[in-house]
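Each chain, letter by letter, is given below.
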Amino acid sequence: MVLAFGMEHYLYSNYTPVGDILVVTACLLFLVLMHIAYITKTRTYTIFRLLIFTLILAATCSLCFHMFLSKSNQYSETLICLMRAGYHSFLYVDMFLYVVYIREQMHLGRRTTYQIVVPAGIGTLALIIYEFLSAFFHWDFQIQGDDQALEKMNLFPFGYVAIALVIMYLLIRYRKRLYKQVMTGVFGASVLAFVVLFVQEKFDQTSFTVGTYLLPAFAVLYMMHSNPYNLEMGAVDASAFDDLVKYSYKKKKDLLMMTLLLVNLEEEGTSYPQKIKETIRKFAVDYFRGATLFQVSNGRQILVADKEKNPDYENIINKILNGFDEEYPRYRMPFKIMIIHSHESISRDRDYMGLIRYVESKMSNNDVRYVSEEDISEYEKHKYILSELINICKTGNLDDERVHVYCQPVLNIATQEYDTAEALMRIVLPEVGMIYPDVFIPLAEENGIIHQLSLMILHKTCEQIRIMLEQGYHIVRISVNISAQELRDDCFCLDIGSVIRKSGIPFGKVAIELTESQSEGDFMIMKSKIEELRESGIKFYLDDFGTGYSNFERIMELPFDIIKFDRSMVQASAVDQKSESMVSHLAHLFSDMDYSVLYEGVETTDDESRCRKMDAKYLQGYKYSKPIPIERLTEYFKKEA
């Protein structure tokens, strides 16, 4: 990709082979470094390798041409001319490869290919054909005495300029598609090449023509394909891992991966102790043949080996694990290790990082896990569910048929009737059937789409309340679960109010269930949102009381209407009289402060009897009904008299 050209000399006696020998040496060094170092193996990488090969061939032909010319009495004129034609032709090919390289690197479309790249290729082919025809028919080159040559007409400078102009046009026309630093590096190398050619002309030399092509190649290798190692651990980065997966899948290579997560070091910016770096490096280089270590996050490394090169990989894995056990007492740092065999679908989607994080989330610390087909199947199901959830929320259809509302009727102790219920969301998908909240709620919260799902279940619940009210059924309220995460949204109250208002039902027919937050910031937000919505008539339940963290002072500050005692409290009350007394006193405490107590998870007659004695106002559980489609609430609710 040189931006200047040097005219061929009529006298070749000033040639010295040093320039071409240096080119061959440098190119061979490039190829060796590209082989032993980790360089992203993209299409542009393949083109760049071809470019280096053509420079070796061009320099070799130049060497042979000048050597044969210096002993023209020993070699036929045609052979000398063929070497000259090869020398020029490989330089043409080299320049055309730069055109193709730019097209790939800048992701130019078919239009550019047809308008520029294809004509440039045809022009290059025409120049090559001319060079070889000229070699056979001696149109523009003749031998005149020892190491003397007469050029009648030399097309090389003109062909050179033509292809160089195409390269310049592409770089300038599409310059915004390359980083400024890359453009500066490539142009700088090209200017330096021009200077070398100019100096060569001044000194009547022809020795460094091929060498000038090497300068832009060096710039491209450094700017576009460098992927430096972390020298302390011998690791390359996550993008290189993604590329290796892509390359290996294309070449149908079976890979073995060992992942190490150092839990305490996963936080960004945490530094590694020097001894750990040395240990990781030792494991990376001492066991598998030709393995590459990737640091894909701050505390996570993946060692990847080609199974074909390591037929004894099972023994090697055992040696590494045994070695790790020996090293562990020195550090005592929580870890998770996985062994993964490459899998067709995961490789195709280049989704090992997703699989790794999914499996790690199910592992305990200091655990070693061989990832199985079952793990991969579960992960693919997980991915499918997440993609469907995202699609549900993206479409924004509150009546989406994939979202189903189930309800569990609640018994009112005072009236001995079912006049309230809890709405429960279910997701039904074509490939996996019904998905329960313990699966999709965490996914929705992690991906920031829980609020849209809540609006859908609220909308469908309000619509069913409206229908039942129109049919004359007595409904006190139906509660809907809301994630505390949703309260952080500035539009939360507006969204909730809008859905209820559009349904046309009284706001008091809806209740919202919330779980107490441990965060001081979330507590203040929750208090503010509850107070705002209660003014419209919406009731609020404190869900899951008795599980984990409970702060009575905060509960007293929040204007809840009903406190839901978790199933664990019902079970605890059955252990002994002391436990029952403790639960009963808590219930009385809330009742005395005008909170209604609802026991959930009531499954037996004994459960019901204890809860009635423990100041229950409402009872909910399998003793009365499992969750049923909301349309079936008419089987439990009564019509107004």
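## Concerning the sheet that holds strand 6 (residues 300-306)
Read from one edge of the open sheet, six strands run 3-5-6-4-7-8, paired in mixed fashion. Looking along the sheet, the strands with just one partner apiece sit at the ends: strand 3 (235-236) and strand 8 (367-370). Where strand 3 meets strand 5 (residues 292-297), two bridges bridge the pair, whose relative direction is parallel. Each bridged residue has a counterpart across the sheet, and for Ala235 the counterpart in strand 5 is Leu293. The sheet contacts of helix 9 (residues 274-286) involve strand 4 (255-262), strand 5 and strand 6, and relative to strand 6 the element is tilted by about 15°.

## Quick notes on helix 20 (residues 577-592)
In this model helix 20 runs 22 Å from its N-terminal to its C-terminal C-alpha over 16 residues, within 8% of the 22 Å that 1.5 Å per residue would give. Within helix 20, the full set of buried residues consists of Glu580, Val583, Ser584, Leu586, Ala587, Phe590 and Ser591. Looking straight down helix 20, one finds its buried side chains confined to an arc of 155°; they lie on one side. For helix 20, the exposed residues set more than 90 degrees away from the buried face come down to Gln577, Lys578, Met582, His585 and Asp592. Where helix 20 begins, the capping side chain belongs to Asp576, and its oxygen is found 3.2 Å from the backbone nitrogen of Lys578. Just downstream of helix 20 lies Asp594, where phi reads positive at about 70°.

## Looking at the confidence of the model for the chain
Per-residue pLDDT for the chain averages 85, and the proportion of residues at 70 or more is 90%. This model gives residues 1-11 a pLDDT under 50, and the stretch forms 48 contacts once residues within four places in sequence are excluded.

Rules used throughout
Residues numbered from 1 in each chain as written. Predicted model: local features only at pLDDT ≥ 70, side-chain atom pairs only at ≥ 80, totals over all residues. Heavy atoms only, no water. Pairing = 2+ DSSP bridges. Helix = DSSP H or I, 4+ residues; strand = E, 2+ residues; numbered from the N terminus. Contact = heavy atoms within 4.5 Å. Axes fitted to C-alpha atoms, helices over the stretch in contact; angles between N-to-C directions. Expected span 1.5 Å × (residues − 1). Buried < 20%, exposed > 50% of the residue type's maximum accessible area, 1.4 Å probe, protein only. Arc of directions from axis to C-beta. Polar contact = N/O pair within 3.5 Å; in protein donor to acceptor, adjacent residues only side chain to side chain. pLDDT = per-residue confidence, 0-100.

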